[in-house]
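# Residue-level structure breakdown
Listed here are the chains, written in short residue letters.
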Amino acid sequence: MLKNFIKHSFRSFKRQRSYIIINILGLTIGIACSLLIALYVLYEASYDRFNVKRDRIYRLVINGKIGGQEVIGSYTPSVMGPTMAKDYPEIEACLRLNNWGATVVEYNNQSFTDDNVVEADSSFFDIFSIPLVKGDISNLLNAPHRAVISESTARKIFGSDDPIDRLIKVGTDSTRYVVSGVMSDIPGNCHFEASILLSFMTNPRSQDPTWMNNSFSTYLLLKPKTDYKAVEAKIPQLLEKHVGPELEKYMGVSIEDFISQGNRYGYFLQNLTDIHLDNTVQQEFKEASDPKYLYIFGSIAILIILIAAINFMNLSTAQAAKRAKEVGIKKVSGSTRGMLISQFLSESFILAFISLILAVIIIKLSLPYFNNLLQSSLTLGLLAKWYTIPVLLLFSVFVGVLAGSYPAFFLSSFNPYEVLKGSVRNSVKNGYLRRILVVFQFAISIMLIVGTMIMYRQINYMLNKDVGFDKEQLIVINRINALGDGVKSFKEAVKGITGVANISASTAVPGRNNNNNGYRIEGRKDESFLVMSNWVDYDYIDTYGMKMVEGRAFDKSYLTDKDACMINEAAKSEFNIKDLETTRFMRPGDEGEFLYLSVVGVVQNFNFESLRNPVGPYMMLFRDDNVRWGYITVRLLPGDYPRTIREIEKVWKDYTANVPMQYYFMDEDFAHMYIQEKQNAKMAVMFSILAILVAALGLFGLTSFTVEQRTKEIGVRKAMGSSAAGIYVVISREIVLLVLIAALFAGPAVYYFAGNWLENFYYRIHLGVFSFAAGLLIAMGTAVLTVSYRIMRAARINPAQSLKYE
């Protein structure tokens, strides 16, 4: 029986060779796309799941609102975690992390820049499942000036030497750090990156008792079987005890009155595995992914595999007229319908299995490109898990059933009597279902094309929108604490370099904000205001090319400017400030007193955060020369940028004893804010191209079938005087009509989904008709080009040959 099945299948494959190749190509592309997207989705969903204690690890997240400004972020006071661990028996351990970011590390008179330096408590290895390669687990970060480095960092700094007990210089700290341990590299699917861990207790702020200074990330390890909600429910009482007195001291308001004014001050617990896919929380480390993209690409995977399955259905049912005689003879010979269904399904399983093998090969070859695109580390380890191969085989069976079920039941339903009469051939020619399926295929393709174009238009809009300052030709130098007291003289030296237009020092720059402070306004004691704050010098406004819409910028001729501030238009509007001259902000001092700040000017709104967010209130305060931290921004003149930067680096090294200068270009940093959107747009382009390619393959096969069925008609038309162009129009107009109908269905769907996606951005494009029209033209052009060759080839055949057909 098996021998006969193989024999019949081989003959069947031989007769339908071209259609089988098209089906295999379509299924291969569909399966490859689905598996690639599945790998991506699973990778994103796997973040932090390598941690053995993940179900018991929670991060504290502030949830506050002051004066209408909301803040939800992974920021806590230094004192909060230890206090909770001490007072609450449900907590087994706590951990504080402080992200230093890019930092210069020096060993043996050689300097290295490490992008992922993090301060951590000694409980780090008790909470996170990061293997220790070298060192004593009980003696790692439990004393000041100790460091644990990753294996790759150890190789970079020490080569093959043993790093344990070696001394390294980190940043500008004059005291060397002792390397107490070497850990495995932290996996890529971890919500934070750290290649050097420094003992948190080295930082003087680790002992900061202030509860309203939210600067660090805090993690809690709960004891087994502890309900995190029970711990969360205790936080309001904790805040009332500790934050209440500080509100009274610094803001002059009780916590009850503070809340009654419509403000909010609280924290909630976020499970470790929820961090990466929650983009509503401001992150100290890696930016969270938008879970919408997982749903988008998951849907794309389903749609592409559907397109491939529809191709199979269309081509199989189109071939029904050819296989009708085979079905009739087998039924007359005694074959049951069940036997025929088994045969046809087996054929689809074989094609799906072949496609799966080809798809796996394609994925293996394309993964390096895919990982480079996504900056991830996706792998297809066929033998890594016992269930991988069985799951892939089940998926191929599923695809075989999806693609082959309808053709199997359709072909096996033929009545031998109807076959001999020729009724089957006539009914197959009608092909109403095939037309519906073609419309469905091209509707999906148009949706993907238009959606991708909208994504690219939005990204282009964000990259080119006027952000309220000139971000071109700006370089930003960070870690300026290396200059010590020499910031002012460094600025003067750099100003003398040919190619430098201006230079400014500040504690923050657009895109790198670090101070969200509470203020009051004189005479409005029942109100509090949350304002993003930046301490700037006299040259800041000119260096960034910002515009004053009212008042003036800081001016050296006004000594009182050192106790003044500038605000943006959003602050003036949202805080209902009518008269600048009579307005003074009240900033809480260290001892409970208020520092009064007069407002000297209003800056035109500028985007200091991503365009996903509206411009919020912003304040610029005067930066004293004794402020040693923050950034220096240099505006370059057009010309030889590399030469100018080299000259700046020479001056920097003169002032910092050869410490490497860390800098970046402002425009590139702003563009990096949208890296996730750019990556996803590139993915969407790739999958859109593949989707329309699969649809085009099916259309080519169907056109070949249609031309074959209408060969005699073409011959008659040519004999009656029709031109090749006339025949082309007659046969292709149906395809054009089907694509137009597909566009009618795709339009509303794209409008809904694209509009929903654009709501993620406060500043966004208008949908308009351009993308829809362009998507229709691309789909129409692809369809017309696909069918043109086959139709024109048939139209050029001698009528005498065509009339002999059939």
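Check the entry above for the structure.
This section reports on the structure supplied with the text. Small disclaimer: the values here were computed from a predicted structure and weren't measured. (Residues numbered from 1 in each chain as written. Predicted model: local features only at pLDDT ≥ 70, side-chain atom pairs only at ≥ 80, totals over all residues. Heavy atoms only, no water.)

## Overview of the overall build of the chain
Basically, it comes down to this: Numbering of helices and strands runs from the N terminus, with a helix taken as a DSSP run of H or I at least four residues long and a strand as a DSSP run of E at least two residues long. Burial classes follow relative accessibility: with a 1.4 Å probe on protein chains only, a residue under 20% of its type's maximum area counts as buried, one over 50% as exposed, and anything between as partly exposed. Whether two residues are in contact is decided by their heavy atoms, any of which lying within 4.5 Å being enough. Residue exposure ignores everything except the shown protein chains as possible cover, and the areas themselves are Shrake-Rupley values with a 1.4 Å probe.
Summing up its helical and strand segments, the chain has 25 helices and 22 strands in all. Scored against the burial criterion, the 806 residues of the chain give a buried share of 52%. Nonlocal contacts in the chain, meaning residues at least 24 apart in sequence, comprise 80% of its contacts between residues at least 6 apart. Carbon and sulfur atoms provide 57% of the accessible area of the chain, an area that totals close to 36500 Å².

## Brief notes about the side chain of K169
This is how the line gets drawn: His is not counted here, nor are the chain ends, while Lys and Arg score as positive and Asp and Glu score as negative. The rule for a salt bridge is simple: a side-chain nitrogen of Lys or Arg has to be within 4 Å of a carboxyl oxygen of Asp or Glu. Within 3.5 Å is the distance limit for a polar contact, defined as a pair of N or O atoms, with the added protein rule that one can donate a hydrogen and the other accept it, and that residues adjacent in sequence qualify only through two side-chain atoms.
Position of K169 relative to the elements: it lies in strand β7 (residues 167–170). Look at K169: it is buried, it has no salt bridge, and the nearest opposite charge is E106 at 5.0 Å. At 3.0 Å, the side chain of K169 and the backbone oxygen of G171 are in polar contact. Setting aside anything within four residues of it in sequence, one finds K169 in contact with V104, V105, E106 and R176.

## A word on a negative patch on the surface
The cut-off we apply is this: Patch definition: residues with relative accessible area over 30% and no salt bridge; like charges joined within 9 Å; nonpolar side chains (Val, Leu, Ile, Met, Phe, Trp, Tyr) joined within 5 Å. To locate a charge, the coordinates of NZ of Lys, CZ of Arg, CG of Asp or CD of Glu are taken.
Taken together, the side chains of E240, E248, E256, D257 and D526 make up a negatively charged region of the molecular surface. Only α7 (235–251) and α8 (255–260) provide two or more residues apiece to the negative patch. With respect to the secondary-structure elements, E256 resides in helix α8.

## Quick look at the pairing of strand β14 (residues 516–521)
The cut-off we apply is this: A pair of strands is treated as paired once DSSP finds two or more bridges between them.
Across five bridges, the pairing between β14 and strand β15 (residues 524–536) is antiparallel. Paired with N516 across the two strands is M532, which belongs to β15. Hairpin connection of β14 to β15: two residues between the antiparallel strands, including G523 at a positive phi of 90°. Pairing analysis gives two bridges linking β14 to strand β18 (residues 584–588), with the strands arranged antiparallel. Bridge assignment links I521 to a residue of β18, and that residue is F585.

## A few points about the environment of I436
Here I436 shows up in helix α15 (residues 432–464). C-alpha separation for the pair I436 and A742, spaced 306 residues apart in sequence, amounts to 9.3 Å.

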